[in-house]
Amino acid sequence: MGRLRLFLFSAVVLGLSVLLLGLGGCGSSSSSVTVPPTPSYTLTATALSPASVAAGSSATSTVTVTPANGYTGNVTLSCSSVTGGTPAPTCMFSPSPAVIAGNGAVTSLLTVTTAGSPAGTYTITVTGSDANKMAPSNGPQMLSLTVVVPSYALGATALSPSQVTAGGTATSTVTVTPA
């Protein structure tokens, strides 16, 4: 048993010595490998303007695609509504896709149309994807839009004069007030 311990101890010391000699042979120079960051892009979107629209109207937002780390490519923009009624508002981007060919950001005008959308508050999710299915590094952008159904109040004054003879006339002022 004593020989086995001595043998194991000697093997550990020998292995450690070889390791230290190997490391010592490296000298004082160090080498490092630099891995370049992955090309990507980000999305930003301004708030929809106007933020509240009558059913059947539209609102707009400017969507900016900003390349990072040398990203180039075509970013297809899309949007969806995760809340609200049916049919949901529809989206159109101009231009689409956003073409990133250099270091500069590219903008696209988003138009959200509410034709047929019932009254309510909608959360519009804007995202992008390229040919490699790469999504924006900062995730989707969330916008809010309120759709209201136009209504009105109707009012009228009493007929004046309140009594007329045959062939006479009476008048009233009718007022339509948007609500």
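Residues numbered from 1 in each chain as written. Predicted model: local features only at pLDDT ≥ 70, side-chain atom pairs only at ≥ 80, totals over all residues. Heavy atoms only, no water.

Asker: Explain the state of the cysteines here, please?
Answerer: Evaluated as defined, the whole model comprises one disulfide. The disulfide that involves Cys 79 links it to Cys 91, with 1.6 Å between the sulfurs. Looking along the S-S bond of the Cys 79-Cys 91 disulfide, the torsion reads about 120°, which is the right-handed sense. Placement of Cys 79 in strand S4 (residues 73-81) and of Cys 91 in strand S5 (residues 90-94) is noted, with a sequence separation of 12 residues between them. (Disulfide = S-S within 2.5 Å. Helix = DSSP H or I, 4+ residues; strand = E, 2+ residues; numbered from the N terminus.)

Asker: Sorry if this is basic, but what is going on with the sheet that holds strand S2 (residues 52-54) here?
Answerer: Within a sheet, each strand pairs with its neighbour through backbone hydrogen bonds, oriented either parallel or antiparallel. Taken together, the five strands give an open sheet; going across it, the order is S2-S9-S8-S4-S6, and neighbouring strands pair in mixed fashion. Of all the strands in the sheet, just S2 and strand S6 (98-100) have a single pairing partner and so form its edges. On average, each strand axis in the sheet is tilted by 30° relative to the strand beside it, whichever way the strands run. Pairing of S4 with strand S8 (residues 120-129), which is carried by six bridges, proceeds in the antiparallel orientation. Opposite Ser 80, over in S8, you have Thr 125 as the bridge partner. (Pairing = 2+ DSSP bridges. Axes fitted to C-alpha atoms, helices over the stretch in contact; angles between N-to-C directions.)

Asker: Got a minute to help me understand the side chain of Thr 114 in this structure?
Answerer: Mapped onto the elements, Thr 114 comes out in the loop between strand S7 (106-113) and S8. A distance of 2.7 Å separates a polar atom in the side chain of Thr 114 from the backbone oxygen of Ser 57. Beyond its immediate stretch of four places on either side in the chain, Thr 114 contacts Val 53, Ala 54, Ala 55, Gly 56, Ser 57, Pro 89, Leu 145 and Val 147. (Polar contact = N/O pair within 3.5 Å; in protein donor to acceptor, adjacent residues only side chain to side chain. Contact = heavy atoms within 4.5 Å.)

Asker: How do you make sense of the environment of Gly 104 when you look at a structure like this?
Answerer: By the secondary structure assignment, Gly 104 is in the loop between S6 and S7. For the pair formed by Gly 104 and Ala 68, sequence separation is 36 residues and the distance between their alpha carbons is 9.5 Å.

Asker: Would you explain the sheet that holds strand S3 (residues 58-68) in this entry?
Answerer: Strand order across the open sheet formed by four strands is S1-S3-S7-S5, with antiparallel pairing between neighbours. At either end of the open sheet lies a strand with only one pairing partner, and these are strand S1 (40-45) and S5. Taken over all neighbouring pairs, the strand axes of this sheet differ in orientation by 25° on average, direction set aside. Direction of pairing for S5 relative to S7: antiparallel, over a ladder of five bridges. Looking at S7, one finds that Thr 90 is bridged to Thr 113.

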